[in-house]
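# Architecture at a glance
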Amino acid sequence: MTMQEIILKKRYGKALSNEEIEFFINGVVDKSIPDYQTSALLMAIVLNGMNEEEMTTLTIKMAESGEQNDLSYIDGIPVDKHSTGGVGDKCTPLIMPLVATFGVSTVKLSGRGLGFTGGTVDKFESIEGFNVALPISSFPELISNCNMAISGQTPDLAPADKVLYSLRDVTGTIDSIPLIASSIMSKKLAGGAKGIVLDVTCGSGAFMKTIDEAKALSEAMIKIGKLSGREVVAVITDMNQPLGRNVGNVSEMQEVFEILSGNVIEDVVEVVSVLSANMVMLAGKNDGMNMEELINECKLRLTDGRALEKYKDLILSQGGSLNSNGSPVYVDYPNDCMRVNATEDGYITEIKADIIGKASVKLGAGRQVKTDIIDYGAGIGFFVKVGDYVKRGDCLCALYLGNEHINEDDKLFDAAEMITDAFSYSSEKPEDKPVVIEVLK
Ligand code: URA
């Protein structure tokens, strides 16, 4: 078997055998296949696709390319959630304590932000002392402490994905359903969960721009789950505007604390409750409740203080600091340095999430390249959402910078210009759109 033959086979649109996929993944990991051949095959997959069996074999081989997490110490069925990426996505710090109130344990291996989407690990690191560099061997103790453990992804988890993802990033081969589905699902399989709830974001701030694309990706991941013995639920959610009211690390964690303290920020509460209810159901901890009852129960527990108590347990369990009033101590604070105002009268019809994500990176809240250093205080706080009516000159949002960056005016002017362009207006009120679009199983 040679790599040239495998590339040619896929170039002519034929299905690869299990042996050929295994040969490819082994060669990627042991570096016997050069990057140019790997890239050629990736492009052939983008152009000619993969059938369900090929996708599943690719996923399993990628999952088996490194360490596999054994979650047998968890009481009951281990469940996990994953988002395909969004702007203002602060769901994980809300979901972990919420499902813990039902006795559901979560072990999260999360990523850092890169490009215009933020990373959960960076958000937790904005809490003073919170340790996300934990070895997998410490998880059983953390789970017995408080049912929750979160850490950055170890280099040993699905190493084949790391090689493939970095090549895809620079060879125009990111947006391919078989490649995205196998990349996400390989990490989930290696993570050890038996039930997986996927937040498949859809819209300007997501990989999948249309509902049809989001459905196709969801169906591919559900199929891979079935063929590899995992139960998968895909929740398609709207990402045509940032989720919630804040984008940025500390500002999003402040929003998390606000919600847990009883301030209902509707779109976040809706998405978090639907994702959590599906996790509780997959874990079999629904206590006789049907899905509708479970979603309502999640909404209640999220904001009535029960999830807040668990959140504090999580922070303390991983070394984070709390003030005497129970709020987290952050590594920096958002300083309100500039306001962006409406340029027209009208209803807001769109707040392009990808542009907002890029503006927040410009402010310093994210990274353009892996080595960039984050300004944890940087971010954007919104006073309006799609559907709100504004008059020209009304304030749309505040731009934040951390304590050591407050004089960096260039960043503020660049970001303000981008944000102004992200808003669209109309004299007609746009139709109300649900944030949870569809749930697929
Ligand atoms: N997230 C991943 O982990 N992989 C992809 O390919 C896309 C999004």
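Throughout what follows, the structure given in this document is the object of discussion. Worth saying up front: this structure is predicted, and the values here are computed from it rather than measured.

So, how was this worked out
- Each chain has its residues counted from 1, running along the sequence as written.
- pLDDT decides what is reported in this predicted model: residues at 70 or higher carry local features, side-chain atom pairs at 80 or more are listed and counted, and totals for whole chains, interfaces and linings draw on all residues regardless.
- No hydrogens and no water enter the side-chain calculation; it runs on all heavy atoms of the structure.
- Pairs of strands are assigned from DSSP output, requiring at least two bridges between the strands.
- Numbered from the N terminus, helices here are DSSP runs of H or I no shorter than four residues, and strands are runs of E no shorter than two.
- Simply put, an axis is a line fit to the C-alpha atoms, just over the touching stretch for a helix, and the angle between two N-to-C directions goes from 0 to 180 degrees.
- Like charges within 9 Å and nonpolar side chains (Val, Leu, Ile, Met, Phe, Trp, Tyr) within 5 Å are joined into patches, using only residues over 30% in relative accessible area that form no salt bridge.
- Accessible surface area values rest on a Shrake-Rupley calculation with a 1.4 Å probe, where residue burial reflects the displayed protein chains alone.
- Salt bridges are identified by distance alone: a Lys or Arg side-chain nitrogen within 4 Å of an Asp or Glu carboxyl oxygen.
- Positive charges are assigned to Lys and Arg, negative charges to Asp and Glu, while His and the chain termini are left out of the count.
- For this purpose, a charge sits on NZ of Lys, CZ of Arg, CG of Asp or CD of Glu.
- Remark: exposure states derive from per-residue accessible area (1.4 Å probe, protein chains only) relative to the maximum for the residue type, with buried under 20%, exposed over 50%, and partly exposed in between.
- To estimate the expected span of a helix, count its residues, drop one, and scale the result by 1.5 Å.
- For the purposes of these results, a polar contact is taken to be a pair of N or O atoms within 3.5 Å, where, inside protein, one atom must be able to donate a hydrogen and its partner to accept one; residues adjacent in sequence count only when each atom of the pair is a side-chain atom.
- Neighbouring residues are identified by heavy atoms, a residue being near a molecule or strand if any of them is within 4 Å of it.
- Charged means Asp, Glu, Lys or Arg here, nonpolar means Ala, Val, Leu, Ile, Met, Phe, Trp, Tyr, Cys or Pro, and polar covers whatever is left, Gly included.
- Two aromatic rings, drawn from Phe, Tyr or Trp (for Trp, its six-membered ring), form a pair once their centres lie within 6.5 Å of each other, and the interplanar angle then sorts them: stacked below 30 degrees, edge-to-face above 60, tilted otherwise.
- Lysine and arginine charges are scored as sitting over a ring when NZ or CZ, respectively, is within 6 Å of the ring centre and within 35 degrees of the ring normal.
- Any angle that is under 35 degrees is reported as roughly parallel, and any over 145 degrees as roughly antiparallel; angles of 65 to 115 degrees are reported as roughly perpendicular and all others as oblique.
- Helix crossings get a hand from a simple test, with the near helix turned counterclockwise from the far one by less than a right angle marking a left-handed crossing and a clockwise turn marking a right-handed one.
- Note on contacts: a residue pair is in contact if any heavy atoms of the two residues lie within 4.5 Å.

## Things to note about the sheet that holds strand β13 (residues 436-440)
The strand order across the open sheet built from four strands is β1-β4-β5-β13, with neighbouring strands paired in mixed fashion. Edge positions in the open sheet fall to β1 (79-83) and β13, since each of these has one partner strand only. Taken pair by pair, the neighbouring strands of this sheet meet at an average axis angle of 15°, ignoring direction. In this sheet, strand β5 (residues 231-238) lies alongside strand β4 (residues 195-202) in parallel orientation, the contact comprising eight bridges. Within β5, the position partnered with Cys202 by the bridge is Asp238.

## A look at a negative patch on the surface
Taken together, Asp409, Asp410, Asp414, Glu417 and Asp421 make up a surface patch of like negative charges. By the element assignment, Asp414 lies in helix α16 (residues 409-422).

## Description of the pattern of salt bridges
Enumeration over the complete set of coordinates arrives at 22 salt bridges. Among the salt bridges present, the one from Asp80 reaches Lys188, with a minimum N-O distance of 2.9 Å. Taken together, the residues span a long stretch of sequence, with Asp80 in strand β1 and Lys188 in helix α9 (residues 177-191) at a distance of 108 residues. Here Asp80 matches Lys188 in class, with each residue buried. A salt bridge links Lys123 to Glu252, with the shortest nitrogen-to-oxygen separation between them at 2.9 Å. Note that Lys123 is positioned in helix α6 (residues 120-125) and Glu252 in helix α11 (residues 249-260), a separation of 129 residues in sequence. Each member of the pair, Lys123 as well as Glu252, carries the same accessibility label: buried. One connected set of salt bridges, linked through shared partners, spans Glu297, Arg301, Asp304 and Arg306.

## Structural notes on helix α2 (residues 18-29)
Count 3.6 residues to each turn of an α-helix, and residues three or four apart come out pointing the same way. With twelve residues, α2 should reach 16 Å at 1.5 Å per residue; the first-to-last C-alpha distance of 17 Å fits that figure. Immediately beyond the C-terminal end of α2, within one or two residues, lies Lys31, with a positive phi of roughly 65°.

## Some remarks on the environment of Gly305
Its location among the elements puts Gly305 in the loop between α13 (291-303) and α14 (306-317). Judged by relative accessible area, Gly305 falls into the partly exposed class, the value being 22%.

## Structural notes on the side chain of Glu20
Tracing the backbone shows Glu20 in helix α2. Judged by its relative accessible area of 13%, Glu20 is buried. Looking at Glu20, its side chain comes within polar contact range of the side chain of Lys9, at 2.9 Å.

## Focus on the site of the ligand
Around the ligand, a shell composed of Tyr165, Arg168, Ile180, Ser183, Ile184, Lys187 and Phe207 is seen. Between the ligand and Arg168, the relevant distance is 2.9 Å, taken from an oxygen atom to a side-chain nitrogen or oxygen of the residue. Take Ser183: an N or O atom from its side chain is 2.6 Å from a nitrogen atom of the ligand. The protein chains hide 90% of the 240 Å² of surface that the ligand would expose on its own. Looking at the shell around the ligand, the elements that each hand over two or more residues are α8 (159-170) and α9. A total of four residues in the shell around the ligand trace back to one element, the largest contributor, which is α9. Looking at the shell around the ligand residue by residue, the class counts come to four nonpolar, one polar and two charged.

## What about the packing of aromatic side chains?
Inspection of every chain in the model, using the stated rule, returns four aromatic pairs. Where Tyr330 meets Tyr333, the ring centres are 5.8 Å apart and the plane angle is 75°; that geometry is what we call edge-to-face. Residue Tyr330 is classed as buried on the basis of its relative accessible area, which comes to 7%. Sitting over the face of the ring of Phe102, Arg301 holds its NZ or CZ atom 3.8 Å from the ring centroid.

## Observations regarding the packing of helix α1 (residues 3-11) against helix α3 (residues 35-48)
What describes two packed helices is the angle between their axes and the distance between those same axes. Between α1 and α3, the least distance of the axes is 8 Å, while the angle of their chain directions is 15°. Relative to α3, α1 is oriented roughly parallel. The crossing of α1 and α3 is left-handed. Where α1 abuts α3, its residues Met3, Gln4, Ile6, Ile7, Lys10 and Arg11 lie against Gln37, Ala40, Leu41, Ala44, Ile45 and Asn48.

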